[in-house]
Structures are given as C-alpha cells and as structure tokens.
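# Topology and contacts: notes
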Amino acid sequence: MKRIITLQDISCVGRCSITVALPVISAMGVECGILPTAVLSNHTMFKNFTCKDLSDQIEPISDVWEMEGIIFDGIYTGYLASIEQCEQVCRFFDRFSTGDNLVLVDPAMADNGKLYAAFGPDFPEAMKKVCAKADVIVPNITEASLLTGMPYRTEYDESYIHELLERLLELGCGTAALTGVSYEPGKLGVAYLDRSGKEFSYFTRKCEQSYHGTGDLYASTVVGGLMRGMELGDALALAADFVVECIEATARSASARWYGVEFEPQIPRLCRMLEERLG
C-alpha cells in the first residue's frame, strides 16, 4: 500500500482540508498520514471560529520522522496559512523528497479574482517557491494569475490558458494542471501542460451550484488516483467527474449543510469509479 503525507490545516467542522483529504485518500486504498499546519474549530466561512497555529510543530514532527526513517510515496500540500509555513514546507520537501516520490501542490490561496482575506499581497511570492519544488501543481485560474503575474480573466480563449500554463511551468514545477477551465457554456474542466510539451484537457458538465471544499476534494482525489497508478490525465478526469457527482448530490440532499460539499455518501461511488477505471 502506498503512503502519502498531507500538510494542511484541520478544520474540525466544515468539510475542507484534512477532513476531506484523509477520508477520500484512505477510501481510495492509500495510507494518508497528516501533518496539521493549524487546527480550526471550523473553517473561516463561519461567522466565528478559533484557530491554533501549529507552525512550531512542523519541524519537530519532521525531525522524529527522519529519525524513524519514515518515507512517503507522495507529499501533498493544501492551504498554508503564512509565508513562514511556505518556507517550512519547502524545507520539508528538501528533507523528504526522494526523486521517486510524488510532490503535488494545491496552492490554495485565492478564488474569483482575489486572494483569500487572510493573505497579504506578498503571499503569492512565497507560494511560488512551494510550487517550484512540485512535480504537479493544481491552481485555479485566479491562483495561476497571481503566481504568474498575468491578468485574471473571466472571458478567455485557449491561447490565454496555454500561456498561463507555460508561465506556471516557468516557476519550476514538472506539470501545471489548471482547474476551472471553460471554453463553452455548460462545460467546465481542467487543462495541463508538462515539460515535454504534452498537453491534456478534460471537460465535464458545469454545475450551477458551488460548495466550500470542492477544491480540496478535487486535489485529494487526484492524489489518490496517482498513488493507485493512474496516469495524470486519468486522475484529473476521475477527480472532475467525482466532484460533479458530489455537487449534484449535495444539491439534491434535504440534509445538505451550507458550509461544505456533501461528499461522504458518495465515497462508495468513488471507489467503484476508481476500480472501473483501473480495470
């Protein structure tokens, strides 16, 4: 069984970050270790929340793992709360990247044309350094524009997406996969470009609804698929299809909560989709 480690926060209630990554990746047949960067009572879309920063625990935990000789087949990062944590994660990559394991970065810092409220304008520069060390990065279009300095657009053509991908590769990552891409009404998907010049895109139906945590759900499913031996394009397509299933199920659910996508009842469906695609 493959083992990955994910570095991101725990929102104890709210269906995001580790509370999405751990059940999804585990259900896909991959051991999911965690290195929490912070513990929140609930995510910050709630009116009230508490937050305990765990930056001072990242390196002591890393020291113990190094002493124990623990290795990981994959390293997956999501929301990082500060420039300091970006620097700590870069050092973690230097310590635990083997050349054979996968490093996937979800530079979760922005959406809808702007940074999350918790971040200052200097944060994207720190995130660039994290992305530079990754094999795969999965930004949305807002994050890509902040990482590359390109203007954010809601209306665009394929040449704009291609240039974004080229600029993302200039950061130093191996493959840039851009989420939330749409070239026609009713379709939404992902496009990637790697250093060999290989391009890929996949589109599925666009949902009218949106729910908190779908980005974490997407990235976690991609990681699980890659660890199970899927090609990147296949893992990206699986994640897109699963996220749509979860959004649509949440929209139909009488018990759905406003604060996050209702993915838990769909996990058996994910397992079936995974096994079908693995053959």
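Every residue gets a number counted from 1 within its own chain, in the order that chain's sequence is written. The predicted origin of the model limits local features to residues at a pLDDT of at least 70 and limits the giving and counting of side-chain atom pairs to 80 or more, whereas totals for whole chains, interfaces and linings rest on all residues. With hydrogens and water stripped out, all remaining heavy atoms of the structure feed into the side-chain values.

## Some points on the pattern of salt bridges
Any Lys or Arg side-chain nitrogen located within 4 Å of an Asp or Glu carboxyl oxygen qualifies as a salt bridge. Applying the stated criterion across every chain yields a total of twelve salt bridges. Across the pair Arg91 and Glu59 runs a salt bridge whose closest N-O atoms are separated by 2.5 Å. Taken together, the positions of Arg91 in helix 3 (residues 83–96) and Glu59 in helix 2 (residues 55–68) put the pair 32 residues apart, joining distant regions of the chain. Any residue under 20% of the maximum accessible area for its type is buried, any over 50% is exposed, and the rest in between are partly exposed; the area is computed with a 1.4 Å probe on protein chains only. Exposure remark for Arg91: the relative accessible area of 39% places this residue in the partly exposed category. Across the pair Arg205 and Glu248 runs a salt bridge whose closest N-O atoms are separated by 2.8 Å. Note that Arg205 is positioned in strand 11 (residues 199–205) and Glu248 in helix 8 (residues 232–252), a separation of 43 residues in sequence. Judged by its relative accessible area of 40%, Arg205 falls in the partly exposed class. A relative accessible area of 23% places Glu248 in the partly exposed class. Taken together, the salt bridges that share partners define one network made up of Asp63, Glu66 and Arg95. Strands are runs of DSSP state E lasting at least two residues, helices are runs of H or I lasting at least four, and both sets are numbered from the N terminus onward.

## Observations concerning helix 2
Within helix 2, burial applies to Ser55, Ile58, Ser62 and Trp65. One side of helix 2 holds all its buried residues, which, seen down the axis, span an arc of 65°. Residues of helix 2 that are exposed and angled more than 90 degrees away from the buried face: Asp56, Met67 and Glu68. The inward-facing, buried residues of helix 2 contact strand 1 (3–11), strand 2 (31–40), strand 3 (51–53) and helix 3. Positive backbone phi, at 70°, marks Gly69, one or two positions downstream of helix 2. To obtain the arc, one takes the directions from the helix axis to the C-beta atoms. Contact criterion: two residues are considered in contact whenever any of their non-hydrogen atoms come within 4.5 Å of each other.

## Quick look at the packing of helix 3 against helix 4 (residues 123–132)
For helices, the fitted axis covers only the stretch in contact; all axes are lines through C-alpha atoms, and the angles between them, taken along N-to-C directions, range from 0 to 180 degrees. At their nearest, the axes of helix 3 and helix 4 sit 9 Å apart, and the two run at 5° to each other. Viewed along their axes, helix 3 and helix 4 adopt a mutual orientation that is roughly parallel. Mapping the contact onto sequence places Ile83, Cys86, Val89, Cys90 and Phe93 in helix 3 and Phe123, Ala126, Met127, Lys129 and Val130 in helix 4. Residue type decides the class: Asp, Glu, Lys and Arg count as charged, Ala, Val, Leu, Ile, Met, Phe, Trp, Tyr, Cys and Pro as nonpolar, and the leftover types, Gly among them, as polar. Of the residues contributing to the contact of helix 3 with helix 4, the split by class is nine nonpolar, no polar and one charged. Our angle categories are set so that under 35 degrees counts as roughly parallel, over 145 as roughly antiparallel, 65 to 115 as roughly perpendicular, and the remainder as oblique.

## So, the UniProt feature "domain: Pyridoxamine kinase/Phosphomethylpyrimidine kinase" (unreviewed entry) in the protein
UniProt positions are given in the numbering used here, feature names are shortened, and annotations may be inferred rather than shown by experiment. In the numbering adopted here, UniProt assigns the feature "domain: Pyridoxamine kinase/Phosphomethylpyrimidine kinase" (unreviewed entry) to residues 67–251. Helix makes up 43% of residues 67–251 and strand 19%, and the two end C-alpha atoms of the span are 47 Å apart.

## Some thoughts on the state of the cysteines
Each disulfide consists of a covalent bond between the sulfur atoms of two cysteine residues. A pair of cysteine sulfur atoms is labelled a disulfide when the two atoms are within 2.5 Å. By the definition in use, this model includes zero disulfides. In this model Cys86 remains outside any disulfide bridge; the closest cysteine sulfur is found in Cys90, 7.0 Å from its own. Overall, Cys86 belongs to the buried group, its relative accessible area being 1%. Free cysteine: Cys131, not disulfide-bonded; nearest cysteine sulfur from Cys173 at 6.8 Å. Owing to a relative accessible area of 0%, Cys131 belongs among the buried residues under this scheme.

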